[in-house]
Amino acid sequence: CSAIGSALSLAAATLRLCENMSRGRKKWRQKRPRDERDKEAGNAEKRQKRDGDYRSNKGWSTSGKPEQNPVFNEFYQMQKVVPEHEWEQFITTLQVPLPTTFRINSAGEFAPMLQERMKKQFIEKLQEVTVDDCKNKSRKDRKKLIESMAAEAGEAMDAEDSTSDAAAATSAAPATDAGKPTEAEAEAASEGDEEGEGDAANAGPTEKYDPPSVLPWYPSENGWHFTASRALLRRDINLYGFHRFLISQSESGGITRQEAVSMIPPLLLDIQPHHKVLDMCAAPGSKTSQILEYMQRDWKNGQDYPSGFVIANDAAESRCYMLFHQIAKLGTPNCLVTNHEAQAFPTLRDAKTGEPCRFDRILADVPCSGDGTLRKNLDLWRRWKPMLGIALHRLQIEIAIRAIQLLKVGARMVYSTCSFNPMEDEAVVAQVLRYFQGNVEVLDVSNELPELQRRPGLTTWKVQGNDNQWYESPSDLQKETKHLCKSMFPPTEEESKWMNLDRCLRMLPHLQNTGGFFVAVLQRTHNVNVHEESASATSSTSSSTPAVAQESDPAPAVEQVAESTESSADAMDSTEAAPDAEQKPSGNVPAKDEGEKKKKRKNPQWAPDAPFIFISEREQWKSILDELRDFYGIQDTFPMDTLFVRSEDTPAKIYMMNPELLKLFKNDREHKKMRVVNTGVRIFARERSCASSTYRITSEGVRVLNPHMTKRIISAPEKDILPLIEEDVVPAEKLSAGLVEAVSKLGTFQHHTQVTFHVL
């Protein structure tokens, strides 16, 4: 009885303790700062908006029902973006999640091997895969299942990698799907089954995937898509190996995960190796990396790098660093990242002639309302309204006009948005054509990418104001509708005859199971006489045609509805700055009062993290260049003046940039117009453990230096390559006598010295 009484007392005390802890936790939650509680609630809402309820590939939403927005339906049915008989198919496709799409790096050495692996391994394995029904499996059981599948995949890869071809493929992507998953990966794959959040937990066991297939319109079979959505790919255990393959290849630069329609603008630019390219709104960098891939597609080992370059620009500094991280995977010296508002991108000048530097190709993938991304942005269904597109119309015109001003005669500019709204698409193109008075035309690209299904651009549309009233022409506007302007309306019948807006491309989701996208390819046909521009800027406001802006000025502001088309066009020209004058903020940035004192910021937005110091300009560092020439046998054909560092101290990392970029960079140091975030590729790193040389060649610098080196290059037999790839440290006994002898001739090595190899 005494023991029973003690046990009951202990149980009662434990119960009271649990109750007190529960009350304390509730009080703690109530006493937390409001901003902390709001942050937690916001994060939960973001997770719900991001993940939603992906119950299957047949329909998705946060409520379990397909998303709808009556305002969206009414607006686009009135615009007739799709024929009436296709509307149901169009809206139904928007309610289904996007398939997984990616492209293989066409400039990579292992692109053919990745294609072969996709065809022989993953297409066959995923022929009969169904959505796994894990609803009744516990988290622990599901985790064990994933680990066992990973182990099986590892055994299969070990058998496959016994051949030399597989070994070469493995070197491109180490540990692709072999090996045991980490604790975090297993937890991520198994989460959601207890709360019903995962796709696999909610999907039926009979649903099947179509295996990965090639995008029919993407060149050289480098574009791929898979019908499983991104969320299903992340959580379905049957797709674990394929998912790990995509992750590892994406990290190493072998593939880029990118929406299918987003791949179209760089293809229509028709990039050549010698082109000077400007990407005005580049972040996060998938299109920029695609441009660089096509610029370098003919760059092989033993050949010099292309002479062309890409300037990748973005208005947000934080996104610029993310942009450079994406580009760095390619290991190219041909890219420079800048931080400017696109509509105020500065005019760069040639160092010798002083003439403005024009670009061969410009991509203007402008900010937009993004309703073409409804298949992956659930939150946009609820907050979409016509004003989203109207608010960006002015900025889009300014960016497009500035792009044309920076373009060479006969060169291409691609204007693109991920929006269906004609106010962001055809209306912007029409205003650009109207502004440049026949010096720009829309190219007919119907023969390019022939298997890409598209719809022609619109020639008529209506404008809906903030008052929900529809307007068909500028004459219908009232003084109260100041948020609307005349450039939002469709062109007149006379303008339509020469504008050729039907040459624009509209990609609709139901045509090829993609997102929505708009593309227009513009070409500059003539130069504009500067004297005529100056005259037009001061001409009478009764002129019947809009004036053309000066080439070196930033893009003008768009006229408001209260002004006439003629007077507003002249006003745009008259307010522009002189070519060499300091550029003023664009129209969408409020100007500061003259008497307002400038506030000092601790971290200015444009301040670089570190300076760019060229080694050839420092006397105390020129001995480094002599050492590199002597040790690696670098010939005079290599431009040593392009080597730079980012620190005032003794160089630990040495970078290199394209010689053509170097000319612009050094010339700009005098004018200080460019806000450079980063550029170049790291080709040397300091090696403290090596007695014979202070610097070693980096893996990303091998391709750049290889054509110019005469020393420290060894031709190894094929049987020696496999152990060099598979093992971190290879004993000399495992290598052939010929290779060991060739290495010994390079210098005097101690018994335990490790020699680093780069396998080409």
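Residues numbered from 1 in each chain as written. Predicted model: local features only at pLDDT ≥ 70, side-chain atom pairs only at ≥ 80, totals over all residues. Heavy atoms only, no water.

Asks: Lay out the overall build of the protein with the relevant residues and their values.
Replies: Scanning the protein from terminus to terminus reveals 26 helices and 23 strands. Counting all 760 residues of the protein, 49% fall into the buried class. In the protein, the share of contacts with a sequence separation of at least 24, taken over all contacts with a separation of at least 6, comes to 78%. Surface accessibility of the protein: about 37500 Å² in total, with carbon and sulfur atoms responsible for 50%. (Helix = DSSP H or I, 4+ residues; strand = E, 2+ residues; numbered from the N terminus. Buried < 20%, exposed > 50% of the residue type's maximum accessible area, 1.4 Å probe, protein only. Contact = heavy atoms within 4.5 Å. Areas by Shrake-Rupley, 256 points an atom, 1.4 Å probe, with all protein chains shown as cover.)

Asks: Got a sec to walk through the nonpolar core? Specific residues and values, please.
Replies: Ranked by size, the top nonpolar core spans 82 residues in total, and within it Phe72, Met280, Ile311, Ile362, Met413 and Val429 carry the most contacts. At nine residues, helix α16 (residues 387–405) tops the list of elements feeding residues into this core. Aside from chain neighbours lying at most four places away, what touches Met413 is Ile362, Ala364, Ala400, Ala403, Ile404, Leu407, Ala520, Val521 and Leu522. In this structure, Tyr218, Val261, Leu269 and Leu449 belong to the second largest nonpolar core, which totals 39 residues. (Core = buried A, V, L, I, M, F, W, Y, C linked by side-chain atoms within 4.5 Å.)

Asks: Would you mind going over the confidence of the model for the protein in detail, with residue names and values included?
Replies: Averaged over the protein, the pLDDT score is 76; the fraction of residues at 70 or greater is 70%. The model gives residues 49–60 a pLDDT under 50, and that stretch makes 45 contacts with residues more than four places away or in other chains. (pLDDT = per-residue confidence, 0-100.)

Asks: Go over the packing of aromatic side chains, please, and point to the residues and values.
Replies: Counted according to the given criterion, the structure contains 25 aromatic pairs. An angle of 75 degrees between the planes, with centres 6.4 Å apart, marks the rings of Tyr415 and Phe518 as edge-to-face. Here Tyr415, found in strand β11 (residues 407–417), pairs with Phe518, found in strand β17 (residues 517–524); they are 103 residues apart in sequence, far enough to count as distant. An identical accessibility class is assigned to Tyr415 and Phe518; each is buried. Between the aromatic rings of Phe631 and Tyr632, the centroid separation amounts to 4.9 Å while the plane-to-plane angle is 90 degrees, which identifies the pairing as edge-to-face. Of the two residues, Phe631 and Tyr632, both sit in the buried class. Each residue in the set Phe72, Phe75, Tyr76, Trp87, Phe90, Trp381, Trp384, Phe420 and Trp470 is aromatic and connected to the rest through ring pairs, giving one cluster. (Phe/Tyr/Trp six-rings, centres within 6.5 Å; stacked < 30°, edge-to-face > 60°.)

Asks: Report on the pairing of strand β3 (residues 100–104), specifying residues and quantitative values.
Replies: Burial analysis of β3 places five of its five residues in the buried class, the great majority of the element. Because side chains alternate across β3, one face comprises the buried residues Thr100, Phe102 and Ile104, and the other comprises Thr101 and Arg103, equally buried. Examined bridge by bridge, β3 and strand β5 (residues 223–226) share four bridges and lie antiparallel to one another. Looking across to β5, one finds that Thr101 is bridged to His225. When β3 meets strand β6 (residues 255–257), the two strands line up antiparallel, connected through three bridges. Among the inter-strand pairings, Phe102 is bridged to a residue of β6, identified as Arg257. (Pairing = 2+ DSSP bridges.)

Asks: Tell me about the sheet that holds strand β20 (residues 653–656), residues and numbers included.
Replies: Sheet architecture is open: five strands sit in the order β18-β19-β20-β22-β23, paired in antiparallel fashion. Of all the strands in the sheet, just β18 (613–614) and β23 (695–697) have a single pairing partner and so form its edges. Direction of pairing for β20 relative to strand β22 (residues 681–686): antiparallel, over a ladder of four bridges. When the bridges of β22 are listed, Met656 appears paired with Val681.

Asks: Could you give an account of unusual backbone geometry, with specific residues and numbers?
Replies: Cis rather than trans, the peptide bond between Ala283 and Pro284 has omega equal to 10 degrees. For Pro284, the position within the fold is in the loop between β7 (276–279) and α13 (286–295). Non-glycine residue Ser220 carries a positive phi angle of around 60 degrees. With respect to the helices and strands, the residue Ser220 is situated in the loop between β4 (213–214) and β5. Taking relative accessible area as the criterion, Ser220 reaches 58% and is therefore assigned exposed. With a phi angle near 50 degrees, Gln437 is a residue other than glycine that sits in the positive phi range. By secondary structure assignment, the location of Gln437 is in the loop between α17 (426–435) and β12 (440–442).

Asks: Describe the packing of α13 against helix α14 (residues 317–328), and please don't skip the residues or the numbers.
Replies: Two elements in contact, α13 and α14, have axes whose closest approach is 9 Å; the angle formed by their N-to-C orientations is 35 degrees. Both α13 and α14 take part in a crossing whose hand is right-handed. Touching Ser286, Thr288, Ser289 and Leu292 of α13 are Leu323, Gln326 and Ile327, all from α14. When its residues are assigned to classes, the contact of α13 with α14 shows three nonpolar, four polar and no charged. (Axes fitted to C-alpha atoms, helices over the stretch in contact; angles between N-to-C directions. Left-handed = near helix turned anticlockwise from the far one by under 90°. Nonpolar A, V, L, I, M, F, W, Y, C, P; charged D, E, K, R; others polar.)

Asks: Account for the sheet that holds β6, naming residues and giving values.
Replies: Across the sheet, four strands lie side by side as β4-β5-β3-β6; this open sheet has antiparallel pairing. On the outer flanks of this sheet lie β4 and β6, each paired with one strand and no other. Here α13 sits on the sheet and contacts β3 and β6; the angle it forms with β3, its principal contact strand, is near 30 degrees.

Asks: Would you mind going over α14 in detail, with residue names and values included?
Replies: Spanning twelve residues, α14 covers 17 Å between terminal C-alpha atoms, matching the ideal 16 Å at 1.5 Å per step. Within α14, the full set of buried residues consists of Glu317, Cys320, Leu323, Phe324, Gln326 and Ile327. Burial along α14 is one-sided: seen end-on, the buried residues are contained in an arc of 155 degrees. Opposite the packed face of α14, turned more than 90 degrees from it, sit the exposed residues Ser318 and His325. Contacts from the buried residues of α14 go to β6, α13, β8 (309–314), β9 (335–339) and β21 (676–679). (Expected span 1.5 Å × (residues − 1). Arc of directions from axis to C-beta.)

Asks: Would you mind going over the packing of α16 against α17 in detail, with residue names and values included?
Replies: At a minimum axis separation of 9 Å, α16 and α17 run at an interaxial angle of 45 degrees. Here α16 lies oblique to α17, going by the angle between them. Where α16 crosses over α17, the handedness of that crossing is right-handed. On the side of α16, the interface is formed by His393, Gln396, Ile397, Ala400, Ile401 and Ile404, while α17 contributes Ala427, Val428, Gln431, Val432 and Tyr435. (Parallel < 35°, antiparallel > 145°, perpendicular 65-115°, else oblique.)

Asks: How would you summarise the side chain of Thr347 if you had to cite specific residues and measurements?
Replies: Counting through the fold element by element, Thr347 comes out in the loop between β9 and β10 (359–365). Thr347 sits in the buried class, given a relative accessible area of 2%. Within the local environment of Thr347, its side chain forms a polar contact with the side chain of Arg402, the two groups lying 2.8 Å apart. (Polar contact = N/O pair within 3.5 Å; in protein donor to acceptor, adjacent residues only side chain to side chain.)

Asks: I'd like a rundown of the pattern of salt bridges, residues and numbers included.
Replies: Pairing between side chains of opposite charge can happen when the charged atoms of each approach one another. All chains considered together, the criterion is met by 26 salt bridges. In this structure, the salt-bridge partner of Arg506 is Glu426, at a minimum N-O distance of 2.8 Å. Here the residue Arg506 occupies a position in strand β16 (residues 505–507), and Glu426 occupies one in helix α17, the gap between them amounting to 80 residues. Looking at Arg506, the relative accessible area reads 2%, which means it is buried. Residue class for Glu426 comes out buried when judged on its relative accessible area of 0%. (Salt bridge = Lys/Arg side-chain N within 4 Å of Asp/Glu carboxyl O.)

Asks: Can you tell me about the environment of Thr332, naming the residues and giving the values?
Replies: The residue Thr332 is located in the loop between α14 and β9 in this model. Residue Thr332 is classed as buried on the basis of its relative accessible area, which comes to 5%. Distance from Thr332 to Thr679, taken between C-alpha atoms, is 9.3 Å for residues 347 residues apart in sequence. A polar atom in the side chain of Thr332 sits 3.1 Å from the backbone nitrogen of Asn334.

Asks: Go over the environment of Phe242, please, and point to the residues and values.
Replies: With respect to the element layout, Phe242 can be found in helix α11 (residues 240–252). Its relative accessible area of 3% is what places Phe242 among the buried residues. Each C-alpha atom of the pair Phe242 and Lys125 lies 9.5 Å from the other, and the pair is 117 residues apart in sequence. Beyond its immediate sequence surroundings of up to four residues, Phe242 is in contact with Phe102, Met118, Phe122, Leu126, Pro212, Phe226 and Leu233.

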